[in-house]
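Read off the chains here:
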Amino acid sequence: MHTRNILYTAVLAATIAGAGSCKKESDFLNVQPTNIFTNEQALSDPAQALAILANLYSRQLDISTVKSWQSMADFSESFPSQNGGDLDIVRRTGWGYGSWSNWDYAYIREMNLFLERCEAAEKLSADDKKRFLAEGRFLRANFYFELTKRMGGVPLILESMEYDYKGDPTYLQHPRAKESEMYDFVISEAEAIKMDLPADVSVKSRASRGAALAMAARAALYAGSIAKYGVNTPQVSLPGGEVGIPAAKANEYYTKALTLAREIISGSAGAYALYTFKTDLQENFAAIFYDKGNNPESIFIEDFKLKSGKVHGFTQWNQPRFGAEEEEGGRINPSLNLVQSFEKLDNTFAPLPVKDGNGNPIYYNNQLDIFAGRDARLGGTVMLPGTSFKGRPVDIWAGYILGDGGIVTGDDRGQQKVLPGTTSPVQVVGFDGPITGKEHTAQSGFYLRKYIDPAIGSGSRGTGSEVPFIRYRYAEVLLNAAEAAFELGQADVAAGYMNEVRKRAGLVVPLAAGDITFDRIVHERRAELSFEGHVLFDNKRWRRAHTLWDGVPLSESDLLSNIGSAAKRNTQPWALWSYKVHNPGGANHGKWTYRVVKSSLVTGTNRFLLGNYYSFINDDIRSNNPKIVKQPNQD
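Sequence order sets the numbering: in each chain, residues are counted from 1 along the sequence as written. Totals for whole chains, interfaces and linings use all residues, but because this is a predicted model, local features are given only for residues with pLDDT of at least 70 and pairs of side-chain atoms are given and counted only at 80 or more. Each side-chain value is worked out from all heavy atoms of the structure, with water and hydrogens disregarded.

Asks: Would you mind showing me how to read the sheet that holds strand β14 (residues 592–597) here?
Replies: Any two strands with at least two DSSP bridges between them are considered paired. Strands here mean DSSP runs of E at least two residues long; helices mean DSSP runs of H or I at least four residues long; both are numbered from the N terminus. Spatially, β8-β7-β13-β14 is the arrangement adopted by the four strands of the open sheet, whose pairing is mixed. The sheet terminates laterally at β8 (407–408) and β14, the two strands that pair on one side only. Here strand β13 (residues 575–582) pairs with β14 via six bridges, running antiparallel. Across the sheet, residue Trp577 finds its bridge partner in β14, namely Arg595.

Have a look at this one:
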């Protein structure tokens, strides 16, 4: 059966009745199958059309989602605490040209077929048809946007194609569009459909006016960045424009990005707002990602629901291991590189105070004291030692430091030993680690907090989590507007939008127009949007990925210097391990101290090549279609 003849199939609840033996053979062969919907039946009522759309929604292209954790453990923002192939993330020396590649034109064809069949459907009301068509166009545009982020210009195919079986397929071969044309398409589609979509903040798992505008604003910002910063990497381009955007287009795209973002900010798409419902600012930030019932910030999500058959295991994979359901988790361990980047409440940057000015260890009464006075997004993004989760302490500490500088630790979680001068065994390492090579424990000294579900049972295989994956949210819209305004020379406008986001995080000293720099733009996105799929594509569009991940090992002095600088390299994840002091009679006995550590498991360095800016197009694709030009810098 060819998809060109029948677009959708559905298994019916009823069993197929056997054919009677008295039927003529010709009648038997002409019986219509009862387990298949024809095109007309599939789009005969709104419920069935929506069911088809639901499948298309669930197959959108994402990165760093709650359905797959590995890419969140990459880019030196974290450490992958799982033995086996996932450790290659910190053992390899870079990414292959095929990394992040996608060429799913089967999905594009299904989108085009849906739109064509929906347009032709006679039994749908005009209002239903208008909304379904707008949703289909949104999904197609968003998918093309995701392809463009990875591949640059791709063939822009807006109708289903059929092979005529006459032996000459050349009429089916389309060349790659210009990269600028792809962004223009995404923006123009959003503007064409926005009024056919509901301006309703409660519509989150389906396309809304806010979702269309958020997509277009992000796309315009990306295009403006590539146009402006592409001059720094002129070799990352193709003469036909399939890769690269002329610098002259930068301001046009930035202006469009600011205009589109302001449509959302003004309320014309609905009353979106920052989430500000919890008094604890750290928990408030964490709650953005798990509070579905009272969240004006999320704009477009992939939703999950308990007992529906659609849940995920992200909490099971990444919760603190000690005392957790299934007694596993901890696969994503945020790096010290990321943790120390969260600024102080006076708007300055500094490494965490591990040593004093003379190089002597600093001692703390409580584990959390070293993190005091920092951006609340730190504790909302990263689970710090000394905190609690689901009512249980997060037991992260590496051992005892003795008065002579020696260390007593263990090679298993919560192991007990007898300390010098004592007779009874005591616990000498945390039940959550860190222990080098002990998978699912806090190798970096930290666990992930963002997207971890606090609901009871969410970390078990039998229950799972219904925390949604947020594709677009209001805080990003404000930061997109800020960046576009900054690039257009409107630093005061940029400061206003950034201060809204920062105030929510406890950074109450406002930034002035003179404080807004490219470094500030880069930092703010990292602090707000970590582990949400932006780090790779932001650094690609700014054309700084090859300098950020330059393949050179990261020394401790490199790690601790130039915090807050956009030029800071980030090639290897480092750790911060906490220790208890055992020195009876000494002034620091019973206190906590910290050491900066690089795991012996980190043997590789992240190196981003010029050929990684656009993912490899497979040889078979180019062989089947000679009009597809090769990516640059991949010889």
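Asks: Is there a simple way to think about the pattern of salt bridges in this case?
Replies: Note on pairing: side chains with opposite charge can pair once their charged atoms come close. Salt bridges are counted wherever a side-chain nitrogen of Lys or Arg sits within 4 Å of a carboxyl oxygen of Asp or Glu. Scanning all chains against the criterion turns up 45 salt bridges. In this structure, Arg449 engages Glu283 in a salt bridge whose closest nitrogen and oxygen atoms are separated by 3.2 Å. Linking Arg449 in the loop between β11 (447–448) and β12 (469–473) with Glu283 in helix α9 (residues 281–287), this pair joins segments that are 166 residues apart in sequence. Look at Arg449 and you get buried, because its relative accessible area is 6%. Its salt-bridge partner being Arg377, residue Glu528 comes within 2.9 Å of it at the nearest N-O pair. Any residue under 20% of the maximum accessible area for its type is buried, any over 50% is exposed, and the rest in between are partly exposed; the area is computed with a 1.4 Å probe on protein chains only.

Asks: How should I be thinking about empty space enclosed by the protein in this particular structure?
Replies: If a probe as big as a water molecule is rolled over the atoms, it shows which places are left empty. Here a cavity denotes a set of grid points, spaced 1 Å apart and computed over the protein atoms alone, in which a 1.4 Å probe fits but from which it cannot get out, and a pocket denotes an open set meeting protein on both sides within 12 Å along at least five of seven lines; residues with an atom within 4 Å of a point are reported as lining. Grid points are joined across faces, edges and corners, and a volume is the space filled by probe spheres set on the points. Using the criterion set out here, one finds six cavities of 30 Å³ or more in the structure. Its volume calculated, the largest cavity comes out at about 390 Å³. Taken together, 28 residues line the largest cavity, and the ones lying closest to its centre are Glu77, Val522, Arg526, Asn539 and Arg544. Where the lining of the largest cavity is concerned, the elements lending two or more residues are α15 (518–529) and α16 (535–541). Per-element accounting of the lining of the largest cavity gives the leading share, six residues, to α15. Basically, the charged four are Asp, Glu, Lys and Arg, the nonpolar ten are Ala, Val, Leu, Ile, Met, Phe, Trp, Tyr, Cys and Pro, and anything else, Gly included, counts as polar. Taken together, the residues of the lining of the largest cavity sort by class into 11 nonpolar, nine polar and eight charged.

Asks: Please explain the packing of aromatic side chains as it appears in this structure.
Replies: Each aromatic ring pair is summarised here by two numbers: the centre-to-centre distance and the angle between the ring planes. Working definition: a ring pair exists when centres of Phe, Tyr or Trp rings (six-membered ring for Trp) sit within 6.5 Å. Plane angles under 30 degrees give stacked, over 60 give edge-to-face, the rest tilted. Across all of its chains, the model carries 32 aromatic pairs by this definition. Residues Phe138 and Phe300 carry aromatic rings whose centres are separated by 5.2 Å and whose planes lie at 90° to one another, so their mutual orientation is edge-to-face. With Phe138 in helix α5 (residues 126–151) and Phe300 in strand β2 (residues 298–302), the pair connects residues that are 162 residues apart, well separated along the chain. Pairwise contacts between aromatic rings join Phe75, Trp95, Trp100, Trp549, Phe608 and Tyr613 into one cluster. Criterion for a charge above a ring: Lys NZ or Arg CZ within 6 Å of the ring centre, and within 35 degrees of the ring normal. The ring of Phe145 has Lys149 sitting right over it, with the charged end atom 5.2 Å from the ring centre. One cation-aromatic arrangement involves Lys310 over Phe304; the distance from NZ or CZ to the ring centre is 5.1 Å.

Asks: Which parts of the structure should I look at to understand the environment of Gly224?
Replies: Structurally, Gly224 can be placed in helix α7 (residues 209–229). Between the alpha carbons of Gly224 and Thr409 there is a distance of 52 Å; along the sequence they are 185 residues apart.

Asks: Would you explain the nonpolar core in this entry?
Replies: Soluble, globular proteins show a tendency: their nonpolar side chains are buried together. We call a set of buried residues a nonpolar core when its members are Ala, Val, Leu, Ile, Met, Phe, Trp, Tyr or Cys and they connect through side-chain atoms within 4.5 Å of each other. Counting residues in each nonpolar core, the largest one holds 111 residues, and the members touching the most others are Phe114, Phe138, Tyr144 and Ile516. Counting residues per element, this core draws most heavily on α7, which supplies 15 residues. One finds Tyr290, Ile332, Phe371 and Leu559 within the second-largest nonpolar core, a separate group that totals 54 residues.

Asks: What is the right way to look at helix α4 (residues 105–120) in this model?
Replies: Residues lying three or four places apart along an α-helix face the same way, a consequence of the helix completing one turn every 3.6 residues. Any helix carries an expected span of 1.5 Å times its number of residues minus one. With 16 residues, α4 should cover 22 Å at 1.5 Å per step; its first-to-last C-alpha distance of 22 Å lies within 8% of that length. Looking only at α4, the buried set comprises Tyr105, Tyr107, Ile108, Arg109, Met111, Asn112, Leu113, Phe114, Leu115 and Cys118. Throughout, a contact is declared for two residues whenever any of their heavy atoms are within 4.5 Å. On its buried face, α4 is in contact with α3 (46–58) and α5. Between the side-chain oxygen of the N-cap and the backbone nitrogen of Ala106 there are 3.4 Å, and the N-cap of α4 in question is Asp104. Two N or O atoms form a polar contact when they lie within 3.5 Å of each other; inside protein one atom must be a possible hydrogen donor and the other a possible acceptor, and for residues adjacent in sequence the pair counts only when both atoms belong to side chains.

Asks: I keep staring at the pairing of β12 and nothing clicks. Help me out?
Replies: Strand residues, when the strand is regular, have side chains that alternate between the two faces of the sheet. Burial within β12 is extensive, with five of its five residues counted as buried. For β2 and β12, the ladder comprises four bridges, and the chain directions are antiparallel. Note that in β12 the partner of Phe300 across the bridge is Tyr472.

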